[in-house]
Amino acid sequence: MQKRTNTVLNSAMAPTSKPPPFICWRWPFSPNPNPNPTSTSCGDPRDLPWLFKSLKTLGSLAQGFLIADPPSASASIGVAPPPPHLTAASQGEAEQRALAAALKSGKEATVLEFYSPKCRLCNSLLGLVLDLERRNEDWVSFVLADAENEQWLPELLHYDIKYVPCFVLLDNNGKALAKTGVPTSRLHVIAGLHHLLKLKQPAKRERHNST
């Protein structure tokens, strides 16, 4: 009886794992990097089973990426499938021009969305992203970035992108403010995206949405 009581007490006192955060605040280019890189403010990516194995053009960086679903032939999020003749270089250049245009638009913020054409979770967010862009087009721009395209390698390293989908919030000067956390589910990604938008949402619109 005493042994059973101790077992119950020990299990009750055992620490419970924290749920993964919706958004991440720590950036890899901090002057004081985390001495324990396996434990971050965004959770431990190794806890997830989605290894991003298809980044051939990124060399050894491929081993550090995660996707939130198995490969799919579906279209990438936010846009229709690119024409068959469109090369990876052309697509990367088009996406980077879109980012440059968004930052020059004078809007309050830009959401840079890293995705993979093989990610079914990314594709499932298509309608939501288009709707958010339409309803908030007066103050925020949405830009896509194919995480498998080597032209985005500097940004992948700079923003520490190790999983997709990942949304990075930029202010009107192009400074990163936060990004969505490790995508444990579709609802988790959606909640993180809404948290990002609230960080820069104009006060008038926020009051209107709360009524």
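Residues numbered from 1 in each chain as written. Predicted model: local features only at pLDDT ≥ 70, side-chain atom pairs only at ≥ 80, totals over all residues. Heavy atoms only, no water.

A.B. asks: Help me understand the pattern of salt bridges, please; the structure alone is not making it clear to me.
C.D. replies: Between side chains of opposite charge, a pair can form as their charged atoms come close. Per the counting criterion, the structure on display carries 5 salt bridges. Across the salt bridge formed by Asp 131 and Arg 135, the nearest N and O atoms sit 2.9 Å from each other. With a gap of 4 residues between them, Asp 131 and Arg 135 both fall in helix H4 (residues 126–135), about one helical turn apart. (Salt bridge = Lys/Arg side-chain N within 4 Å of Asp/Glu carboxyl O. Helix = DSSP H or I, 4+ residues; strand = E, 2+ residues; numbered from the N terminus.)

A.B. asks: Looking at this model, I keep getting lost on the nonpolar core. Mind explaining?
C.D. replies: In globular proteins that are soluble, nonpolar side chains generally tend to be buried together. Core analysis: the largest hydrophobic core is formed by 42 residues, its most contacted members being Val 111, Leu 112, Phe 114, Phe 142, Tyr 159, Phe 167 and Val 168. Filtering out sequence-adjacent residues up to four positions away, Leu 112 remains in contact with Leu 99, Val 143, Ala 145, Trp 152, Tyr 159, Cys 166, Phe 167, Val 168 and Leu 170. (Core = buried A, V, L, I, M, F, W, Y, C linked by side-chain atoms within 4.5 Å. Buried < 20%, exposed > 50% of the residue type's maximum accessible area, 1.4 Å probe, protein only. Contact = heavy atoms within 4.5 Å.)

A.B. asks: Can you help me understand the environment of His 195 in this one?
C.D. replies: If you trace the backbone, His 195 turns up in helix H6 (residues 186–200). Exposure remark for His 195: the relative accessible area of 37% places this residue in the partly exposed category. Distance in space between the C-alpha atoms of His 195 and Ile 23 is 7.3 Å, their sequence separation being 172 residues. If near-sequence neighbours (up to four positions away) are discounted, His 195 is found in contact with Phe 22 and Ile 23.

A.B. asks: Is there a simple way to think about the packing of aromatic side chains in this case?
C.D. replies: What characterises a pair of aromatic rings is the spacing of the ring centres plus the angle enclosed by the ring planes. By the definition in use, this model includes 2 aromatic pairs. Ring-pair connections join several aromatic residues into one group, and the members of that group are Phe 114, Trp 152 and Tyr 159. (Phe/Tyr/Trp six-rings, centres within 6.5 Å; stacked < 30°, edge-to-face > 60°.)

A.B. asks: Looking at this structure, how should I read the sheet that holds strand E7 (residues 176–180)?
C.D. replies: Each strand in a sheet pairs with its neighbour through backbone hydrogen bonds, running either in the same direction (parallel) or in the opposite one (antiparallel). If you walk across this open sheet you meet the 5 strands as E1-E7-E6-E3-E4, and the pairing is mixed. If you trace the sheet from one side to the other, it starts and ends with strand E1 (23–24) and strand E4 (140–146), each paired once. As paired strands, E1 and E7 are joined by 2 bridges and run antiparallel to one another. Its bridge partner being in E7, Ile 23 is matched across the sheet by Thr 180. Docked against the sheet, helix H2 (residues 88–104) engages strand E3 (109–115), E4 and strand E6 (166–171), running at close to 160° with respect to E4. Contacts from H6 reach E1, E3, E4, E6 and E7 within the one sheet, and its direction differs from that of E7 by about 160°. (Pairing = 2+ DSSP bridges. Axes fitted to C-alpha atoms, helices over the stretch in contact; angles between N-to-C directions.)

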